[in-house]
Amino acid sequence: MSMSTINVAIIGCGGISLQNHLPGLALCRDTRVTAVCDSNPTTLEAARQKTGATITSTRYEDIVTRDDIQAVIIATPNLLHPPIALAAIRHGKHVLCEKPLALNVGDAREMATAADHAGVRHMTAFTYRFVPAMRYLGHLIRQGELGQPYHYRSCRLQDWGTRNVGWRQIKQLAGTGELGDMLSHRIDFAQHLIGPMKRIVANVKNLTPLRDGQPNDTDDWVAILAEFIDGATGVLESSKLASGRNESWRSLDYVELNGSQASFEFTTGKWNELQYGKLGGPGMKPLPVPREFWTWPGSPRDPGAGDPMISFRYDQAFEFIDAIRNGRPCVPSFHDGARTQAVMDAAVRSADTRAWVDL
Ligand SMILES: NC(=O)c1ccc[n+]([C@@H]2O[C@H](COP(=O)([O-])OP(=O)(O)OC[C@H]3O[C@@H](n4cnc5c(N)ncnc54)[C@H](O)[C@@H]3O)[C@@H](O)[C@H]2O)c1
């Protein structure tokens, strides 16, 4: 092992750790998954066998206190993100934490402040920032191609039916349902592309109080009407109950921006293409994403290897490790996670009070 090896601990070894974090870390040079932690002993043993990690524990406290770990990836149910992150930061670990960062904005801000004060790298896993078309869209907007932003629109429609979704349907563990699961990514897009929201009005709906016979007290559907500080408007909708629309990238994940000079449309299913229409022009036309945007800057990933609808996600771990190596901030950071959490909290409050909420 070279002196520059970064030893990573994965805390929470369920779906997303196996699908995204492990293959992402495998791309990073001189990086080892040294420790795995899961409260479920069977899941822990499967992760040990898969990673070859030499340190295992069912208790995160045993892992974050170790001197031979430099970085921690947190992929547990949402409730546990703040206590694990704060413990890891206290012991000087760099932290990549899954979204949503916390169950409320106070905790999310505390995580960001603690990480800044400790001088550790901190990153929120807003994975869709890594879609090549999304990065190209951000680039075009920064170049002024949109002109003055008028409208942001996102629509995320999946068919999860009424199946049991485990901890995701228990408010005490998840905080929210569709709002945190899916809309959190699109709130992040919106504020990344247009800037901060000023005020919102929202509604949430639970249409499946039982999922597979088990109680569900979270939202299946959420919609937000937003005003941005710069004057643009936003409409954001997300649902688990769009029957027949399939799931993940096979289902609708649509973002449209209308500005004074042009309109752009982005869908996750078209990873290397945008739709683009110029003011007064004949309508929306495909706009290919240039090759230099097919991978994150510096990422060693071969964009031709594997399914491009999955493999863009691996650049997220690269960004985390590269930021640690180069002592620079991660993108997106805990501050981005906290900005999204503020909008999520406002959405819940707005739905409760049936009123606009200032941010
Ligand atoms: N960025 C993305 O696109 C994306 C996608 C899916 C999930 N997520 C997020 O990742 C997180 C995990 O989601 P998932 O789908 O992998 O869930 P999962 O249920 O598959 O995995 C969670 C794991 O955490 C373990 N766990 C529970 N309590 C623990 C504790 N105290 N200590 C250690 N481990 C514990 C569970 O046993 C389980 O193995 C959630 O926050 C979710 O919102 C993000």
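Residues numbered from 1 in each chain as written. Predicted model: local features only at pLDDT ≥ 70, side-chain atom pairs only at ≥ 80, totals over all residues.

### Points about the overall build of the protein chain
Per the secondary structure count, the protein chain includes eleven helices and 17 strands. Its C-alpha radius of gyration of 20 Å places the protein chain within 12% of the 21 Å reference for a compact globule of 359 residues. Considered along the principal axes of its C-alpha atoms, the protein chain spans approximately 60 × 45 × 40 Å. For the protein chain, the proportion of its 359 residues judged to be buried stands at 48%. (Helix = DSSP H or I, 4+ residues; strand = E, 2+ residues; numbered from the N terminus. Rg over C-alpha atoms; globule rule 2.2 N^0.38 Å. Buried ≥ 20, exposed ≤ 12 C-beta atoms within 10 Å, placed from the backbone.)

### Things to note about the sheet that holds strand 7 (residues 149-157)
Pairing in this open sheet of nine strands is mixed, and the strands run 16-15-14-13-7-12-11-8-17 from one edge to the other. Across the chains shown, the open sheet's two edge strands, defined by having one partner strand only, are strand 16 (285-288) and strand 17 (357-358). As judged from the seven bridges shared by strand 11 (residues 221-228) and strand 12 (residues 233-239), these two strands associate in the antiparallel manner. When the sheet's bridge partners are listed, Ala223 is paired in strand 12 with Glu237. (Pairing = 2+ DSSP bridges.)

### What about the site of the ligand?
The immediate surroundings of the ligand are formed by 23 residues, with Gly12, Gly14, Gly15, Ile16 and Glu98 found nearest. For the shell around the ligand, a count of residues per class yields ten nonpolar, ten polar and three charged. (Near = placed C-beta within 6 Å. Nonpolar A, V, L, I, M, F, W, Y, C, P; charged D, E, K, R; others polar.)

### Quick word on the domain arrangement of the protein chain
Along its sequence, the protein chain is carved into domain 1 (6-127 + 317-332) and domain 2 (128-295 + 340-358). The gap between the C-alpha centroids of domain 1 and domain 2 is 26 Å. Of the residues lining the interface, 14 residues belong to domain 1; the matching set on domain 2 comes to 17 residues. A class-by-class count of the residues in the side of domain 1 that touches domain 2 yields ten nonpolar, three polar and one charged. (Domains from an automatic or database assignment. Contact = placed C-beta atoms within 7 Å.)

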